[in-house]
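# Breakdown of the fold
Okay, here's what each chain looks like letter by letter:
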Amino acid sequence: MPSPELCLVCEMSSLFRELYSGNPSPHVPYKLLHLVWIHARHLAGYRQQDAHEFLIAALDVLHRHCKGDDVGKAANNPNHCNCIIDQIFTGGLQSDVTCQACHGVSTTIDPCWDISLDLPGSCTSFWPMSPGRESSVNGESHIPGTTTLTDCLRRFTRPEHLGSSAKIKCGSCQSYQESTKQLMMNKLPVVACFHFKRFEHSAKQRRKITTYISFPLELDMTPFMASSKESRMNGQLQLPTSSGNDENKYSLFAVVNHQGTLESGHYTSFIRHHKDQWFKCDDAVITKASIKDVLDSEGYLLFYHKQVPEHESEKVKEMNTQAY
């Protein structure tokens, strides 16, 4: 950049060097915060801010600062960028709009850094599990009456009827018709971020939704892939307990939680250090945490990483191809 002192990527690099320097004293990333304030002015100042907004703003600034790099111009993911942010966080979200008259399908694929999920109890109607049905999908301990991350993903990927007030011109039959819309993942990111919509701002009310959502240590995204669409019938997913597709399997490694109300609160996080070793981060206070502490927490942002790294997945594909 013309002004390296304003480069967030440079500061992130310095932060990583500091983290791995062996210095046991706490590190205060004030410069990182200040640079985000400079480049995302809506977050500047000492008012309370949203952790999800901060995450997206920080990723956006890092992405923009990386795009000047020639390496970032190779196009092998949905938004034609190969910078480190896109290599890690960018997935492809596929939207299929189906004409109800001729059943023609219009497909678009957009890049996404996270998936925001509606919760039961919000103004948006929620699609519940079948009454009395118990689910062990993704290893979630499904207590009757408890909503799971899988439930939220099922709702996110269900077909939605757009209604007579939202007719679109069908490219196949060239007339305005009612249609259905369905969202699915076309490409999965290395790190998947799920955002629970806990803060509701509507014409009726402003409030925080504190509904407990059960989430698993291991997550299989196969049922929510566009390639699995044939296993969907009338919006009901056929959810296998084990798909055998390791490319789509994830492990939980971080959870951000919010304590408090819409007006005031405090963020903490759980971070996985080794396979089953977790820590709670509460400002400068770092304490050991149990897996139960993590899974019992309310959850605001969930971070999962792919169990099989991309390069290993490509290597396996290549070996399989050579075998044939």
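Residues numbered from 1 in each chain as written. Predicted model: local features only at pLDDT ≥ 70, side-chain atom pairs only at ≥ 80, totals over all residues. Heavy atoms only, no water.

In the nomenclature of an unreviewed UniProt entry, the chain is known as ubiquitinyl hydrolase 1 of Myotis davidii. For the record of the chain, the UniProt heading Catalytic activity (unreviewed entry) holds the text "Thiol-dependent hydrolysis of ester, thioester, amide, peptide and isopeptide bonds formed by the C-terminal Gly of ubiquitin (a 76-residue protein attached to proteins as an intracellular targeting signal)." (UniProt positions renumbered as here; feature names shortened; annotations may be inferred.)

Across its full length, the chain holds seven helices and 20 strands. Burial status across the chain gives 41% buried among its 324 residues. If you take every contact in the chain between residues at least 6 apart in sequence, the share linking residues at least 24 apart comes to 63%. If you sum the accessible surface of the chain, you get close to 18,000 Å²; carbon and sulfur atoms cover 54% of it. (Helix = DSSP H or I, 4+ residues; strand = E, 2+ residues; numbered from the N terminus. Buried < 20%, exposed > 50% of the residue type's maximum accessible area, 1.4 Å probe, protein only. Contact = heavy atoms within 4.5 Å. Areas by Shrake-Rupley, 256 points an atom, 1.4 Å probe, with all protein chains shown as cover.)

Our focus in this paragraph is the pattern of salt bridges. Scanning all chains against the criterion turns up nine salt bridges. D118 is the salt-bridge partner of K197, the closest N and O atoms lying 3.3 Å from each other. Of this pair, K197 sits in the loop between β9 (191-196) and β10 (199-201) while D118 sits in the loop between β3 (115-117) and β4 (147-148); the two residues are 79 residues apart in sequence, bridging distant segments of the chain. Of the residues examined, D118 reaches a relative accessible area of 18% and is grouped as buried. For the salt bridge of E200 with R207, the shortest nitrogen-to-oxygen distance reads 3.0 Å. (Salt bridge = Lys/Arg side-chain N within 4 Å of Asp/Glu carboxyl O.)

To continue, consider the sheet that holds strand β5 (residues 160-161). In spatial order, the strands read β2-β1-β8-β5; together these four strands make up an open sheet with antiparallel pairing. Single-partner strands in this sheet number two, and they are β2 (105-112) and β5. (Pairing = 2+ DSSP bridges.)

By size, the foremost hydrophobic cluster in this structure holds 30 residues, and its most contacted members are L117, L149, F194, M221, L302 and Y304. Of all the elements in the fold, those that place two or more residues in this core are β3, α5 (149-156), β9, β16 (249-260) and β20 (301-306). Looking at this core element by element, the count peaks at four residues for α5. With 29 residues, the next largest nonpolar core counts A40, V256, L301 and F303 among its residues. (Core = buried A, V, L, I, M, F, W, Y, C linked by side-chain atoms within 4.5 Å.)

Bringing the packing of aromatic side chains into the picture now. Applying the stated criterion across every chain yields a total of five aromatic pairs. With centroids separated by 5.2 Å and ring planes inclined at 90°, the aromatic side chains of W37 and Y46 adopt a geometry described as edge-to-face. Residue class for Y46 comes out exposed when judged on its relative accessible area of 80%. An angle of 55° between the planes, with centres 6.2 Å apart, marks the rings of F253 and F303 as tilted. With F253 in strand β16 and F303 in strand β20, the pair connects residues that are 50 residues apart, well separated along the chain. Residue classification places F253 among the partly exposed positions, given a relative accessible area of 24%. In textbook terms, an aromatic cluster arises when at least three aromatic residues are bridged by ring pairs, as seen for F199, Y267 and Y300. (Phe/Tyr/Trp six-rings, centres within 6.5 Å; stacked < 30°, edge-to-face > 60°.)

A cluster of nonpolar side chains, namely F16, L19 and Y20, defines an oily patch on the protein surface of about 400 Å² accessible area. Position of L19 among the secondary structure elements: in helix α1 (residues 8-19). (Patch = residues over 30% accessible without salt bridge, like charges linked within 9 Å, V, L, I, M, F, W, Y side chains within 5 Å.)

This part covers the pairing of strand β18 (residues 277-282). Judged from the five bridges that link them, strand β17 (residues 265-274) and β18 form a sheet pairing that is antiparallel. Among the inter-strand pairings, H274 is bridged to a residue of β18, identified as Q277. Following β17, the chain reverses through two residues before pairing antiparallel with β18. Examined bridge by bridge, β18 and strand β19 (residues 285-289) share five bridges and lie antiparallel to one another. Of the residues in β19, the one forming a bridge with F279 is K288.

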